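# Commentary on secondary and tertiary structure
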Amino acid sequence: MKLHHLQGYIQSVYLAEYTDKLLLLDGCSRADISMLKKFIQDELGRPLSDLKLVVVTHMHPDHAGAAQKLKSLTGCKIAAADVSGDWYGGLSGRLMYITDILLAKWVAKRLKKPNRIISYPRTLKADYHLIDGDLLPGFNDWKALETQGHTDRDISLHHLDTDKIYVADLMVKVKGHYIPPFPVFYPNRYRASLEKVINLNPASIVLAHGGEVQPSMAQFQHLISLAPRTPTTHWRSIKAIIKKIIHKNR
């Protein structure tokens, strides 16, 4: 297995290459599709049909945005966490979906990326539903780990042979420091997920935002100290801003 690290629209993209197949560790952004097609066909010299599986670690725009389009282009299967319901279901889900799209566009602007269409289906039609400890279908050197907290359906991927763990957004590297993601809907689950990965003591950790890293125990402990005790969500942030504005205008 060779793990290719590609620069996506607003996040890292990881493509695992085998002699007879390809595995995409996350569903990427809709804006990453042309880059992926070019890399597979031109750089690797392989047909798109070699992409056999795309894992969606959670439903945010830079992790699920390309999955269903890639399935239609390549015939690949999609794997995701075995969690009932749709993350963006209902009225509140629709509003959160719009907010997440706008947040992704804000990140792209800060990274000085061109404005791109990144909308994608709010619901995911997965072919495989993974629980903690499942081996990936067709790729039994990878194990799924339940690492909820950022959302209710986050999974990480542990490559058993090299002892690397792709943790998606479980942690984010910013200016050399490791911080929790935004949002964190389930703080207790989030802290438990951090402890779970730390206790596995992997050789390296692969981040969607920060590359492949080897944090020290001191850095892990600092990350745990930053982990929120109460939910940090879109709505709570908006409420806090409104309260500040009201207080300032009194």
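As a reminder, the structure under discussion sits directly above these lines.
In this report, the structure presented in the accompanying data block is examined. These numbers were taken from a predicted model, which means no experiment stands behind them. (Residues numbered from 1 in each chain as written. Predicted model: local features only at pLDDT ≥ 70, side-chain atom pairs only at ≥ 80, totals over all residues. Heavy atoms only, no water.)

## Thoughts on the packing of aromatic side chains
Taken as a whole and assessed by the stated rule, the structure comprises six aromatic pairs. Directly above the ring of Tyr18 sits Lys21, whose terminal nitrogen or CZ lies 5.6 Å from the centroid. The ring centre of Phe139 lies 4.7 Å from the NZ or CZ of Lys21, which sits over that ring. (Phe/Tyr/Trp six-rings, centres within 6.5 Å; stacked < 30°, edge-to-face > 60°. Lys NZ or Arg CZ within 6 Å of the ring centre and 35° of its normal.)

## Considering the pattern of salt bridges
Two side chains with opposite charge may pair up if their charged atoms get near one another. Taken as a whole, this structure holds seven salt bridges when the rule is applied. Among the salt bridges present, the one from Lys71 reaches Asp127, with a minimum N-O distance of 2.9 Å. Here the residue Lys71 occupies a position in helix H3 (residues 67–74), and Asp127 occupies one in the loop between helix H4 (90–110) and strand S6 (128–130), the gap between them amounting to 56 residues. Classification of Lys71 by relative accessible area gives partly exposed; the value is 29%. Judged by its relative accessible area of 30%, Asp127 falls in the partly exposed class. The structure contains a network of salt bridges with shared partners spanning Glu17, Arg46 and Asp50. (Salt bridge = Lys/Arg side-chain N within 4 Å of Asp/Glu carboxyl O. Helix = DSSP H or I, 4+ residues; strand = E, 2+ residues; numbered from the N terminus. Buried < 20%, exposed > 50% of the residue type's maximum accessible area, 1.4 Å probe, protein only.)

## A look at the sheet that holds S6
The mixed open sheet is built from six strands, whose spatial order is S1-S2-S3-S4-S5-S6. Taken across any chain shown, the strands that pair with only one partner, and hence form the sheet edges, are strand S1 (2–7) and S6. The average undirected angle you get between the axes of adjacent strands in this sheet is 25 degrees. Packing of helix H1 (residues 33–43) onto the sheet brings it into contact with S1, strand S2 (12–17) and strand S3 (22–24), and relative to S1 it is tilted by some 140 degrees. Each of S3, strand S4 (51–56) and strand S5 (77–81) touches H3; the most contacted strand, S4, lies at about 170 degrees to it. (Pairing = 2+ DSSP bridges. Axes fitted to C-alpha atoms, helices over the stretch in contact; angles between N-to-C directions. Contact = heavy atoms within 4.5 Å.)

## Notes on the nonpolar core
Counting 37 residues, the largest nonpolar core has Leu15 and Leu24 as its most contacted members. Among the elements of the structure, S2, S3, H1, S4, H3, S5 and H4 are those that each provide at least two residues to this core. When residues in this core are grouped by element, the largest group, five residues, is from H4. In this structure, Tyr18, Phe139, Ile155 and Leu157 belong to the second largest nonpolar core, which totals 20 residues. (Core = buried A, V, L, I, M, F, W, Y, C linked by side-chain atoms within 4.5 Å.)

## Here's the deal with the pairing of S4
Buried residues dominate S4, accounting for five of its six residues. Relative to S4, S3 is paired through three bridges, and the arrangement is parallel. Bridged to Leu22 within S4 is Leu51. Running through H1, the crossover from S3 to the neighbouring parallel element S4 is right-handed. Sheet topology places S4 next to S5; four bridges connect them, and they run parallel. What sits directly across from Val56, in S5, is Ala80. (Right-handed = clockwise from strand over helix to strand, strands pointing away.)

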